[in-house]
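What follows is the residue order along each chain.
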Amino acid sequence: MRIIILGAGRVGESVAESLVSEQNDITLIDPDPELLRDLEDRLDLRGVPGNGIQPSVLRRAGAEDADLFVACAALDETNLTACKVAHDVFGIPITVARLRSPEFVEGDALLDKTGFGVTHVICPEESVMHYIHKLIDYPEALQVLEFSRSRAHLVAMRAAQGSALVNHTIGEFRDLFPWAEMRVVAVYRQDAEIPVGPDTRVLAGDEVFVLADKQKIREVLRAIHNNDQPVRRVMIAGGGKVGLRLARSLVGQCQVKLIEQDHKRCKYLAGELPSDMLVLEGDSADETLLLEEGVGQMDLFISLTSDDEDNILSAMLAKRLGARRVIALINRRIYAEMMQGSTIDIAISPAQTVIGELLVHVRRGALAAVHSLRRGEAEALEGVARGDVKSSQLVGRRIEQIKLPEGARFGVIVRGEGRDCEVLMPHHDLVIQEADHIIIFIANKRLLRPVEKLFQVSANFF
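No experiment lies behind these values; they were computed from the predicted model shown.

In this section: the environment of H225. Positionally, H225 belongs in the loop between helix 7 (217-224) and strand 12 (233-237). Residue H225 is classed as buried on the basis of its relative accessible area, which comes to 14%. Separated by 84 residues in the primary sequence, H225 and A141 place their C-alpha atoms 8.8 Å from one another. With residues near it in sequence (within four places) discarded, H225 still touches E140, M157, R158, A160 and S163.

See the structure below:
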């Protein structure tokens, strides 16, 4: 696809890096020519210096032939105006705006074709908050992703010593827990994927990716990780946009202490949050402060400042001082990769939390959701089976008749809507029906094209 990205900040850079790796034609617009030159040297893209709301700049970037426009500049007003120009002047079919303000909601009349012309809204702060919330709801998970309007969940967990799955094969686990229906789609050992089948034996420390019905996921998780303690006490380092959103969302659910270094921001936070939430002024990497505030009794320590180094340092310190679990927000990809397997339990990248929302528009075929896994190396996608036996490669065929490329495997099939919705395991004789939602795990993004083609309907359907 021909894609134009406005804004070469952290989110824009990460989005460009992810989309370039899939051989898309990427043009990046930013007022800073030196920053663009650096990105051109590192990535296979074209940089256009200038103000992205000006039609002349968009024209130089190739807006007349663009398929997708992504506005992720620092200011909401810049992104809204740029989408308006991209849609009205150049007719770009899909426009995506990064908007921090909660007052601009996707689907609102103000954003439609007669308004700002925004097809889709992304908000990294909201995405990060939702992502962390899922990790609080499922305390021992490394990653929790939702499919089919949250009916099916993909959960990554580390198999714990002494749990029911460890030292058993996947086939034996199914026999031991027939009521905990699940689909193991991937197992990683020492950061390398191992073949998955009924005879695959899971060892302590393996990273296991499981798909299951939301209603049964807790039973599955307890079997894989036997230490499912609820999160009751949370300490948040950093009272910025993400920290404040998260603290607000935890009202009535957890005891929260929030640490913020800026005095004026502390006063603002104290006025915005309920009185039973303690706002502390200080340095989150101050050992004395953390000890005085009982970091060792915390179920979860989350470092959400705007500085990667501070987040890494404070999270590692909190872990050493006894916090049961620690999460660090890390923007730089290389830092996030370095932290894998360290004392930091989970490293979150803001760009990776929103990249799936963009990938839905880049992928071909009838796709409902795309999630990036393992720092972009793998993906899980949800496609909708359309057409009939003549026009579709899926509808009317048994699972055993559908040939996926090696390294791609079926997760679950979600059939029906509302109360009649079913989450089905992909047994060999299951027949795919029209409108089924099929979730597929892809170990390597090189396999994307053949998988996407499965969901494309032939011309005679129309």
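What the five strands build is an open sheet, ordered 18-19-22-20-21; its pairing is antiparallel. Strands at the two margins of the open sheet, each flanked by one partner only, are strand 18 (367-373) and strand 21 (422-424). Strand after strand, the sheet turns through a mean of 20° between neighbouring axes, direction not considered. The pairing of strand 20 (residues 408-415) with strand 21 spans three bridges and is classified as antiparallel. Residue pairing across strands places V414 opposite V423, the latter belonging to strand 21. Of the strands in this sheet, strand 18 and strand 19 (378-384) are in contact with helix 13 (residues 350-362), which crosses strand 18 at around 145°.

Here the structure, examined in full by the defined rule, presents two aromatic pairs. Geometrically, the ring pair formed by Y188 and F209 is edge-to-face, given 5.8 Å between the ring centres and 70° between the ring planes. With Y188 in strand 9 (residues 183-189) and F209 in strand 11 (residues 207-213), this residue pair connects regions lying 21 residues apart in the sequence. Y188 gets classed as buried once you look at its relative accessible area, which sits at 6%. For F209, a relative accessible area of 1% translates into the label buried. With centroids separated by 6.1 Å and ring planes inclined at 45°, the aromatic side chains of F209 and F441 adopt a geometry described as tilted. Note that F209 is positioned in strand 11 and F441 in strand 22 (residues 437-442), a separation of 232 residues in sequence.

The strand order across the open sheet built from five strands is 7-8-11-9-10, with neighbouring strands paired in antiparallel fashion. Looking at the sheet topology across the chains shown, the edges are occupied by strand 7 (141-147) and strand 10 (192-194). Adjacent strand axes in the sheet meet at a mean angle of 25° when their direction is disregarded. Judged from the three bridges that link them, strand 9 and strand 10 form a sheet pairing that is antiparallel. Looking across to strand 10, one finds that R189 is bridged to A192.

The element strand 19 is extensively covered by neighbouring structure, given that seven of its seven residues are classed as buried. Taking every second residue as pointing to the same face, both faces of strand 19 are buried, with A378, A380, E382 and V384 on one and E379, L381 and G383 on the other. Relative to strand 19, strand 18 is paired through six bridges, and the arrangement is antiparallel. Bridge pairing in strand 19 links H371 to A380. What sits between strand 18 and strand 19 in their antiparallel hairpin is a turn of four residues, with R374 showing a positive phi close to 50°. Two elements, strand 19 and strand 22, share six bridges in a ladder whose sense is antiparallel. Note that in strand 22 the partner of E382 across the bridge is I439.

Rules used throughout
- Residues numbered from 1 in each chain as written.
- Predicted model: local features only at pLDDT ≥ 70, side-chain atom pairs only at ≥ 80, totals over all residues.
- Heavy atoms only, no water.
- Helix = DSSP H or I, 4+ residues; strand = E, 2+ residues; numbered from the N terminus.
- Buried < 20%, exposed > 50% of the residue type's maximum accessible area, 1.4 Å probe, protein only.
- Contact = heavy atoms within 4.5 Å.
- Pairing = 2+ DSSP bridges.
- Axes fitted to C-alpha atoms, helices over the stretch in contact; angles between N-to-C directions.
- Phe/Tyr/Trp six-rings, centres within 6.5 Å; stacked < 30°, edge-to-face > 60°.

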